[in-house]
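Below, each chain spelled out in residue letters.
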Amino acid sequence: MNTFDSDPSSPWPPRDLLLPDKGFGTRAIHAGQPPEPRTGAVMVPIYQTSTYAQPAVGHHLGYEYARTGNPTRTALETCLASLEGGTHGICFSSGCAATSTLCHTLRPGDHVVSSDDVYGGTWRIFTSVFQPLGIDFTFVDMTKADAVRAAVRPGVTKMLWVETPTNPLLKVVDIAVMAEIARASGALCVVDNTFATPYNQSPLALGAGAVLHSTTKYVGGHSDVVGGAIVTSDDALARDLFRLQNSIGATPGPQDCFLQLRGIKTLHLRMRQHQESAARLAGWLSEHEEVAAVIYPGLPSHPQHAVATRQMRGFGGMVSFELRGDLARAERFVAATRVFTLAESLGGVESLIELPAAMTHASVPAAVRKEIGIADGLIRLSVGIEDADDLQDDLAEAFVRSRSA
């Protein structure tokens, strides 16, 4: 529900629903989700309706049309705002829809500085949808603050798009430094927090102006729903995003919102297991003679390990590594696992394995992939919550199975 439309002076959502004084797990289960008052239902109902009766012309009970607002969506938006430490949550039908909506706040001639190894879908939106409309994008390695400062165009750069950890190279960008650069140039600092999740990282507290999620991933957590979200504490930006959300109409249905609320309730528990197993596998892989390199923010060998330790509460469940040998060997490897499933996406309870160059980042030209360091043989793991022994054994067996054609 967007109360900005009916009462611009009212904060949204109410502070008592955000539960700012409660712990993460308590907020994940209760923020924005009081028992339904008429029946006492503990779970937020699925309000499967497109329109709402109005007691009089021009007067409604908080909802009028489901594209504009839905009680199930309101609960999800409020909960996400609480977990990110923001005041406004705005949900969408996908992470790409959230990205596109943020881009709609820009105008022809505006300039965006972006992380160079962003998610392939984000790169595609930037280069094939908005760049032809007159918005310019510069992709830089945001672990190098001087490179970002050099890329900023005073008075023209309107947005810094920060992905951290990045996908798939797991670079860790110093959010506080990016936020300072954005403030100095009058730009909005947006942080894609999908990989870290609000359990591990709080970009708004570090100075970011907006946080984006593909809630398809860890927030939903069960590989059964697609969604996206933006969280901010900036009232003006929130009003604009609510306007665009309603006008463009890329909103999630109530069933989708219900599934994401269900997933959020165990986010803190799932993330603990995701990252415990990921750390174990990263350490094991780093000692394997057939692995050329392992990328995991929790390893002391990671180039930005110090930054990750400072700004993250945990290192997440994503691990990338480069297998020795050619592309054919890597293709055999990802097809040889039995517990890890060869599939795109990430963040579900089940473990997934993929080749970014041929799958999630196939839309990025080969020359660009090479320039930013996405090797053809780079393998990305989304470490699930199965027994860690079984995951390690599965990878060990894949090394054996993939050695010969």
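Note: the structure precedes this text.
Just so it is clear, the model here is predicted, and its values are computed rather than measured.

Trainee: How would you explain the pattern of salt bridges if you had to name every residue and give the values?
Mentor: Where charged atoms from two side chains of opposite charge come close, those side chains can pair. All told, the structure shown has 13 salt bridges when counted by the stated rule. In this structure, Arg73 and Glu77 form a salt bridge, with 3.6 Å as the shortest nitrogen-oxygen distance. Of this pair, Arg73 and Glu77 both sit in helix α3 (residues 71–83), four residues apart, which is roughly one turn of that helix. The salt bridge partner of Lys171 is Asp116, with a shortest N-O separation of 3.1 Å. Of the two residues, Lys171 is situated in the loop between β4 (157–163) and α7 (175–185) and Asp116 in the loop between β2 (111–115) and α5 (120–130); the sequence distance between them amounts to 55 residues. Judged by its relative accessible area of 14%, Lys171 falls in the buried class. Each of the salt bridges in this network shares a partner with another, and the network as a whole consists of Asp116, Asp141 and Lys171.

Trainee: Give me the environment of Thr360: which residues, what numbers.
Mentor: Counting through the fold element by element, Thr360 comes out in the loop between β11 (352–354) and α14 (366–372). When neighbours within four sequence positions are excluded, Thr360 is seen to be in contact with Tyr119, Gly120, Glu344, Glu354, Leu355 and Arg380.

Trainee: Explain the packing of aromatic side chains residue by residue, including any values.
Mentor: Throughout the structure, instances matching the rule amount to 10 aromatic pairs. On the numbers, 4.5 Å between centres and 15° between planes, the contact of Phe126 with Phe137 is stacked. Of the two residues, Phe126 sits in helix α5 while Phe137 sits in strand β3 (residues 136–140), which places them 11 residues apart along the sequence. Between the aromatic rings of Trp284 and Phe399, the centroid separation amounts to 6.1 Å while the plane-to-plane angle is 70°, which identifies the pairing as edge-to-face. Placement of Trp284 in helix α11 (residues 267–286) and of Phe399 in helix α15 (residues 388–401) is noted, with a sequence separation of 115 residues between them. Here a set of aromatic residues connected by ring pairs shows up, and it is made of Trp123, Phe126, Phe137, Phe139 and Trp161. For the cation-ring pair, Lys217 lies above Tyr119, with the distance from its terminal atom to the ring centre recorded as 5.8 Å.

Trainee: Talk me through the environment of Ala196; I want residue IDs and the actual numbers.
Mentor: For Ala196, the position within the fold is in the loop between β5 (188–192) and α8 (197–200). In this structure Ala196 comes out as buried when scored by relative accessible area, which is 0%. Residues Ala196 and Val339, spaced 143 residues apart in sequence, show a C-alpha to C-alpha distance of 24 Å. In this view, Ala196 contacts Thr164, Pro165, Gln201, Met271 and Met312; residues no more than four positions away in its chain are not counted.

Trainee: Could you give an account of the pairing of β2, naming the residues involved and the relevant values?
Mentor: Taking burial as the measure, the five residues of β2 include five buried ones, the bulk of the element. Judged from the five bridges that link them, β2 and β3 form a sheet pairing that is parallel. Note that in β3 the partner of His111 across the bridge is Asp136. Read from β2 through α5 to β3, the crossover connection turns out right-handed.

Trainee: Residues and numbers for the nonpolar core, please.
Mentor: Ranked by internal contacts, the top residues of the largest apolar core, which has 34 residues, are Leu76, Leu80 and Ile264. If you list the elements that add at least two residues to this core, you get α2 (24–30), α3, β7 (228–232), α10 (254–264) and α11. A total of six residues in this core trace back to one element, the largest contributor, which is α3. Those residues in contact with Leu76 that sit more than four places away from it in its chain are Cys91, Cys257, Gln260, Leu261 and Ile264. In terms of nonpolar packing, the next biggest core, distinct from the first, is built from 27 residues, Phe92, Cys103, Phe137 and Leu237 among them.

Trainee: Which residues make up the sheet that holds strand β8 (residues 291–295), and what values do they have?
Mentor: Reading across from one edge, β8-β9-β12-β11-β10 is the order of the five strands in this open sheet, with mixed pairing throughout. In the strand order of this sheet, the two ends are held by β8 and β10 (341–342), each with one partner. Pairing geometry for strand β9 (residues 318–323) and strand β12 (residues 378–382), over five bridges, is antiparallel. For Val319, the partnering residue across the bridge sits in β12 and is Leu381.

Trainee: Can you lay out the side chain of Glu354 for me, pointing to particular residues and giving the numbers?
Mentor: As for its placement among the helices and strands, Glu354 is situated in strand β11. Contact partners of Glu354, with chain neighbours within four places excluded, come to Val334, Leu342, Ala343, Met359, Thr360, Leu378, Ile379 and Arg380.

Trainee: Tell me about empty space enclosed by the protein, and please be specific about residues and values.
Mentor: Tallied over the full model, the rule gives two cavities of 30 Å³ or more. Considered as a void within the structure, the largest cavity measures approximately 40 Å³ in volume. If you go around the largest cavity, the residues you meet are Pro165, Leu170, Phe195, Ala196, Pro297, Met312, Phe315, Gly316, Gly317 and Met318. Class assignment for the residues of the lining of the largest cavity results in eight nonpolar, two polar and no charged. Of the pockets and cavities examined, the second largest cavity occupies roughly 30 Å³.

Trainee: I'd like to hear about the layout of surface pockets, residue by residue, with values.
Mentor: One number sums up the size of the second largest pocket: a volume of about 290 Å³. If you go around the second largest pocket, you meet 20 residues; those closest to its centre are Tyr119, Asn167, Thr194, Ser214 and Lys217. Among the elements that line the lining of the second largest pocket, the one with the most residues is helix α4 (residues 95–103), at three residues. Per-class residue counts for the lining of the second largest pocket are six nonpolar, nine polar and five charged.

Trainee: I'd like a description of the pairing of β5, backed by residues and values.
Mentor: With five of five residues buried, β5 is to be regarded as a mostly interior element. Side-chain alternation along β5 places Leu188, Val190 and Asp192 on one buried face and Cys189 and Val191 on a second face that is also buried. Pairing analysis gives five bridges linking β4 to β5, with the strands arranged parallel. Opposite Glu163, over in β5, you have Asp192 as the bridge partner. Crossover connection from β4 via α7 to parallel β5: handedness right-handed.

So, how was this worked out
Residues numbered from 1 in each chain as written. Predicted model: local features only at pLDDT ≥ 70, side-chain atom pairs only at ≥ 80, totals over all residues. Heavy atoms only, no water. Salt bridge = Lys/Arg side-chain N within 4 Å of Asp/Glu carboxyl O. Helix = DSSP H or I, 4+ residues; strand = E, 2+ residues; numbered from the N terminus. Buried < 20%, exposed > 50% of the residue type's maximum accessible area, 1.4 Å probe, protein only. Contact = heavy atoms within 4.5 Å. Phe/Tyr/Trp six-rings, centres within 6.5 Å; stacked < 30°, edge-to-face > 60°. Lys NZ or Arg CZ within 6 Å of the ring centre and 35° of its normal. Pairing = 2+ DSSP bridges. Right-handed = clockwise from strand over helix to strand, strands pointing away. Core = buried A, V, L, I, M, F, W, Y, C linked by side-chain atoms within 4.5 Å. 1 Å grid on protein atoms, 1.4 Å probe; cavity = no way out; pocket = protein on both sides within 12 Å on 5 of 7 lines; lining within 4 Å. Points joined across faces, edges and corners; volume = space filled by probe spheres on them. Nonpolar A, V, L, I, M, F, W, Y, C, P; charged D, E, K, R; others polar.

In short, the description is geometric, and any link to function would need to be established separately.
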